[in-house]
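Listed here are the chains, written in short residue letters.
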Amino acid sequence: MRIDVVTIFPGMFEPVLGESIIKRAREQGFVEVELWDLRRFTDDRHRTTDDYAFGGGGGMVMKPEPIFRAVEAISSQASGGRVILLTPQGRAFNQDIARELARERHLILLCGRYEGVDDRVRARLAADELSIGDYVLTGGELPAMVVIDAVVRLIPGVLGQEDAPAKDTFGMGILEGPHFTRPREFQGMRVPDILLSGNHGAIAQWRRREALRRTLERRPELLKRINLDEADRELVREIVLEMMS
Ligand code: ADE
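As the structure is a prediction and not an experimental result, all values here were calculated from the model.

A. Here's a closer look at the packing of aromatic side chains. Applying the stated criterion across every chain yields a total of one aromatic pair. Pairing tryptophan 36 with phenylalanine 41 gives two aromatic rings, centres 6.2 Å apart and planes at 40°, and the pair type is tilted. The pair formed by tryptophan 36 and phenylalanine 41 is uniform in burial state, with each residue classed as buried.

Following this line, the structure appears as C-alpha cells:
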C-alpha cells in the first residue's frame, strides 16, 4: 500500500510513523508513506496556504490551489489514489472503515487546518471525508495518523498471528473482555481460576461471556449491530440476570 499525506506540518508525522509496528511495516515494505509539504505547492513569497473567508465572519480557510497542485503531483507519480479529507464534518471513522481502507492500494490523506478547507477541495478532489470523533482538533494531522495506524495494522502480514486483528475489540464487532498475565496473584487480586485450568473450550466460553458482559455494560448499542447466535443470546440472558441481582 502507498499512503501520501498532504500537510503543512510534515514534521509531526515522522516521530509517530517511525516507531513500533508502523515503523516495521514500512521497513518490511508493507506500506510506503510519503509526506508532502503543502507549502512547496504555493506560488507566493510567503508560501501562503490560507486566506480570509469570503463573506466575512473572520477565520481563515485553506486555499484550494496548493492542495490541487499537491494532489496532481502525487497523481503524476501514482494515479488512482483514494483521496480522503480529514475534517470534523466527515463520516465517523471506525473499524469497518479501517478494514475497507486496508484493502486499497493507494490512499491520499489531506490534512485540513485553520477554520476549514475551501469547499472545492471536497467537491472535486475528496472521495471521502473522515472524522475521528466529535471534537475539534487543531488540524487533520493527528486524525491522519490515527487513520494510518488503524489501517496499516490491518494489512495482512503486518501483525503476527499472535495478535490477529479478527480477535480484537471491534474485530469481533464487540468489546474484548479482560486480559491477565503473570503474576497469578497481585495485591490480593487473583487471576480467574478458569484461565489457569488449561481447559481451552471452557476458557473460550468464559472469554466470550466476559466480552459480551463488557459490551453490555459499556457499549450495549454494539450488540444490535452484530448477529448473536443462540449460544450468545443465552449468555446475554444470563449476564443480564446477574446484572439485575
Ligand atoms: N480536524 C479537526 N478535528 C478533526 C476531527 N475530529 N477529525 C478529523 N479531522 C479533524
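B. The arrangement of a nonpolar patch on the surface in detail. Taken together, the side chains of Phe9, Met12, Tyr135, Leu137 and Leu142 define a hydrophobic patch exposed on the protein surface, amounting to about 440 Å² of accessible area. With respect to the secondary-structure elements, tyrosine 135 resides in the loop between strand E8 (128–131) and helix H6 (141–152).

C. Looking closely at helix H7 (residues 200–218). Its 19 residues give H7 an end-to-end C-alpha distance of 27 Å, which sits within 8% of 27 Å, the value for a rise of 1.5 Å per residue. Restricting attention to buried positions, one finds in H7 the residues Ile203, Trp206, Arg209, Glu210, Ala211, Leu212, Arg213, Thr215 and Leu216. For H7, the secondary structure elements touched by its buried residues are helix H8 (221–225) and helix H9 (230–244).

D. The arrangement of the site of the ligand in detail. Around the ligand sit Leu86, Thr87, Pro88, Leu130, Ser131, Ile132, Gly133, Tyr135, Val136, Leu137, Gly139 and Pro143, and those are all the residues in its vicinity. With respect to the ligand, the backbone of tyrosine 135 contributes an N or O atom lying 2.9 Å from a nitrogen atom. Backbone polar atom of leucine 137 to a nitrogen atom of the ligand: 3.0 Å apart, as the coordinates give it. Relative to its free-state accessible area of 260 Å², the ligand is covered by the protein chains to the extent of 97%. Mapped by element, the contributors of at least two residues to the shell around the ligand are strand E5 (82–92) and E8. Broken down by element, the shell around the ligand gets its largest block of residues, three residues, from E5.

Rules and cut-offs
- Residues numbered from 1 in each chain as written.
- Predicted model: local features only at pLDDT ≥ 70, side-chain atom pairs only at ≥ 80, totals over all residues.
- Heavy atoms only, no water.
- Phe/Tyr/Trp six-rings, centres within 6.5 Å; stacked < 30°, edge-to-face > 60°.
- Buried < 20%, exposed > 50% of the residue type's maximum accessible area, 1.4 Å probe, protein only.
- Patch = residues over 30% accessible without salt bridge, like charges linked within 9 Å, V, L, I, M, F, W, Y side chains within 5 Å.
- Areas by Shrake-Rupley, 256 points an atom, 1.4 Å probe, with all protein chains shown as cover.
- Salt bridge = Lys/Arg side-chain N within 4 Å of Asp/Glu carboxyl O.
- Helix = DSSP H or I, 4+ residues; strand = E, 2+ residues; numbered from the N terminus.
- Expected span 1.5 Å × (residues − 1).
- Contact = heavy atoms within 4.5 Å.
- Near = heavy atom within 4 Å.
- Polar contact = N/O pair within 3.5 Å; in protein donor to acceptor, adjacent residues only side chain to side chain.

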